[in-house]
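Spelled out from the first residue to the last, the chains are:
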Amino acid sequence: MSKELEKHRNTVGNCKVISIKAAKTAFKTPCTPLETTLERNNLPETPVTLYYVPSEKVIIIAYENNDQKWHMDLNIIEKPATFGNYRYFFLCSKCKKMVQKLYLPVTSNIWTCRECHRLVY
Ligand SMILES: [Zn+2]
């Protein structure tokens, strides 16, 4: 990749990010909108609304990006862990990999994993 292109690559630090840990807060209020904020590395906090639909294992995220309102279904995977507990992951909507974080760079309006957005550190 040329130096010029490299400069324009999105980095993890300049993306909005949602972790599965942050998303799981919506599990406590199923089928009820939960207003919350997401942390970002270098940028101000991002207000979002999360809406968990247990029957579908989906969290609907509503958010503003590039001065427009958006919403998207985030699929949740539940994996049995030790002692009857579960571990949770997002299913990336593009590559279908199980991941713990989804990212939203300014150049896109959808949340996918780091690899799908070709993010660098
Ligand atoms: Zn992906």
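Bear in mind the structure is a predicted one, so any value in this text is a computation, not a measurement.

Draft legend 1. Focus on the overall build of the protein chain. Counting its regular elements, the protein chain contains 2 helices and 8 strands. A globule of 121 residues ought to have a C-alpha radius of gyration of about 14 Å, and the protein chain, at 15 Å, matches this closely. The 121 residues of the protein chain split such that 20% are buried. A separation threshold of at least 6 residues defines the contact pool for the protein chain, and within that pool the share at least 24 residues apart is 38%.

Draft legend 2. Up close: the environment of N14. Residue position: N14 is located in the loop between α1 (3-7) and β1 (16-19). Taking C-alpha positions, N14 is 6.9 Å from P105, a pair spaced 91 residues apart along the chain.

Draft legend 3. Structural context of the nonpolar core. Formed by 20 residues in total, the largest nonpolar core has its most connected members in L50, I59, I61, L74, L102 and W111. Secondary structure elements with two or more residues in this core: β1, β3 (46-53), β4 (58-65), β5 (68-80) and β8 (101-104). With residues near it in sequence (within four places) discarded, I59 still touches A23, A26, L50, Y51, Y52, L74 and I76.

Draft legend 4. Structural context of the sheet that holds strand β7 (residues 98-99). Here 6 strands make up an open sheet; going across it, the order is β2-β3-β4-β5-β6-β7 and the pairing antiparallel. Because the sheet does not close on itself, it has two edges, and the strands there are β2 (34-38) and β7. Bridge analysis of β2 against β3 gives 5 bridges, and the strand direction is antiparallel. Along β3, the bridge assignment pairs T37 with P47.

Draft legend 5. Summary view of the confidence of the model for the protein chain. Mean pLDDT over the protein chain works out to 90, with 90% of the residues at or above the 70 mark. When pLDDT is averaged over each element of the protein chain, β7 comes out on top at 98 and α1 at the bottom at 54.

Draft legend 6. Examining the environment of V53 more closely. Turning to its location among the elements, V53 is positioned in strand β3. The partly exposed category is assigned to V53, around which 14 C-beta atoms lie within 10 Å.

Draft legend 7. Quick peek at the environment of I77. The residue I77 is located in strand β5 in this model. Along the backbone, I77 and K101 are 24 residues apart, and their C-alpha atoms lie at a distance of 13 Å.

Draft legend 8. Focus on unusual backbone geometry. Even without a glycine there, the phi angle at C31 is positive, about 55 degrees. Position of C31 relative to the elements: it lies in the loop between α2 (20-23) and β2. Judged by C-beta crowding, with 10 C-beta atoms within 10 Å, C31 ranks as exposed. Positive phi, close to 55 degrees, is recorded for R118, a residue that is not glycine. For R118, the location among the structural elements is in the segment after β8. A residue is classified by how many C-beta atoms lie within 10 Å of it, and R118, with 10 of them, is exposed.

Analysis parameters
- Residues numbered from 1 in each chain as written.
- Predicted model: local features only at pLDDT ≥ 70, side-chain atom pairs only at ≥ 80, totals over all residues.
- Helix = DSSP H or I, 4+ residues; strand = E, 2+ residues; numbered from the N terminus.
- Rg over C-alpha atoms; globule rule 2.2 N^0.38 Å.
- Buried ≥ 20, exposed ≤ 12 C-beta atoms within 10 Å, placed from the backbone.
- Contact = placed C-beta atoms within 7 Å.
- Core = buried A, V, L, I, M, F, W, Y, C linked by C-beta atoms within 7 Å.
- Pairing = 2+ DSSP bridges.
- pLDDT = per-residue confidence, 0-100.

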